[in-house]
Amino acid sequence: MTRISLRDGDWPDPPASPEAAPFVAAAREGRFLLRRCTACGKAHWYPRALCPFCFGETAWEEASGEGTVYSYTVLTREDPPRAIAYVTLAEGPTMLTSLVDCEAEQIAVGQAVRLVFVTSKNGTPVPCFRPAGAGDPSGAEPAP
Ligand SMILES: [Zn+2]
């Protein structure tokens, strides 16, 4: 088994930007924000002031934090090993992120995952995902 750890407090610091400030502030409260277009209604990632589909105005909304693995790769030569993935959010957008707090052998395309915020070296929240059910107080396990 290849353990993919949480590495909380050990992630690279994301670039600070005025546009990201509301996202970071909400993330510190454990809330995961997306932006959705007020014209065409599509959500997107990463957050942008103008819609990448139609250039309409966008607004923040709180996302569910639920998604599925679209694609992934495990970097076994890194120390500790890491898992990079595209996760498709329940709201529609697919985001490049990391899977954490699981065994590499446990990851699969189509796997249900749930958001977990880890922190970078300077304490900034970083959105990552882990298999749905892991660390979930409801005890729900992902479907086989
Ligand atoms: Zn739009």
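Residues numbered from 1 in each chain as written. Predicted model: local features only at pLDDT ≥ 70, side-chain atom pairs only at ≥ 80, totals over all residues.

Per an unreviewed UniProt entry, the protein goes by DNA-binding protein and derives from Methylobacterium currus.

Student: Quick rundown of the overall build of the protein? Include the residues and the values.
Tutor: Each helix and strand counted, the protein has one helix and 10 strands in total. When the helices and strands of the protein are listed from N to C terminus, the series reads β-α-β-β-β-β-β-β-β-β-β. Computed over its C-alpha atoms, the radius of gyration of the protein comes to 15 Å, within 12% of the 15 Å expected for a compact globule of 144 residues. Here the protein, with 144 residues, has 26% of them falling under the buried criterion. Here the contacts in the protein between residues at least 6 apart in sequence split such that 53% fall between residues at least 24 apart. (Helix = DSSP H or I, 4+ residues; strand = E, 2+ residues; numbered from the N terminus. Rg over C-alpha atoms; globule rule 2.2 N^0.38 Å. Buried ≥ 20, exposed ≤ 12 C-beta atoms within 10 Å, placed from the backbone. Contact = placed C-beta atoms within 7 Å.)

Student: Describe the pairing of strand S5 (residues 66-75), listing the residues and the values that go with them.
Tutor: As paired strands, S5 and strand S9 (residues 112-119) are joined by three bridges and run antiparallel to one another. Residue pairing in the sheet places Glu66 in a bridge with Arg114 of S9. As paired elements, S5 and strand S6 (residues 82-89) share eight bridges and run antiparallel to each other. Bridging from a neighbouring strand, Leu75 pairs with Arg82 of S6. (Pairing = 2+ DSSP bridges.)

Student: Any chance you could break down the nonpolar core for me, citing the residues and the numbers?
Tutor: One broad rule of soluble globular proteins: the nonpolar side chains tend to lie buried together. Ranked by internal contacts, the top residues of the largest apolar core, which has 22 residues, are Leu99, Val100, Cys128 and Phe129. Of all the secondary structure elements, the ones that give two or more residues to this core are S5, S6, S9 and strand S10 (125-131). Aside from chain neighbours lying at most four places away, what touches Val100 is Ile4, Ser5, Leu6, Arg7, Val116, Val118, Cys128 and Arg130. (Core = buried A, V, L, I, M, F, W, Y, C linked by C-beta atoms within 7 Å.)

Student: Can you break down the sheet that holds strand S2 (residues 33-37) residue by residue, with the values?
Tutor: With respect to topology, three strands assemble into an open sheet ordered S3-S2-S4, the strand pairing being antiparallel. On the outer flanks of this sheet lie strand S3 (43-44) and strand S4 (58-62), each paired with one strand and no other.

Student: Mind laying out unusual backbone geometry, listing which residues take part and the relevant values?
Tutor: Residue Tyr46 follows Trp45 across a cis peptide bond; omega there is 0 degrees. Structurally, the position occupied by Tyr46 is in the loop between S3 and S4. That bond from Asp79 to Pro80 is cis: its omega, 0 degrees, falls within 30 degrees of zero. Relative to the helices and strands, Pro80 is located in the loop between S5 and S6. Even without being glycine, Phe55 reaches a positive phi, approximately 65 degrees.

Student: An account of the pairing of strand S7 (residues 94-99) is needed here, citing residue identities and associated values.
Tutor: One ladder, built from six bridges, connects S6 with S7; its direction is antiparallel. Note that in S7 the partner of Ala85 across the bridge is Thr97. Adjacent in sequence and paired antiparallel, S6 and S7 are bridged by four residues, among which Gly92 carries a positive phi angle near 120 degrees.

Student: Describe the environment of Pro18, with residues and values.
Tutor: Its location among the elements puts Pro18 in the loop between strand S1 (3-4) and helix H1 (21-28). C-alpha separation for the pair Pro18 and Pro131, spaced 113 residues apart in sequence, amounts to 31 Å.

Student: So, the environment of Ser5: which residues are in play, and what are the values?
Tutor: Its place among the elements puts Ser5 in the loop between S1 and H1. Taking the C-alpha atoms as reference, Ser5 lies 7.4 Å from Pro80; in sequence the two are 75 residues apart.

Student: Describe the environment of Cys37, with residues and values.
Tutor: Tracing the sequence through the fold places Cys37 in strand S2. Once the C-alpha coordinates of Cys37 and Pro52 are considered, the two residues, 15 residues apart in sequence, prove to be 8.9 Å apart. Residue contacts for Cys37: discarding those within four places in its chain leaves Lys42, Cys51, Phe53, Cys54, Gly56 and Thr58.

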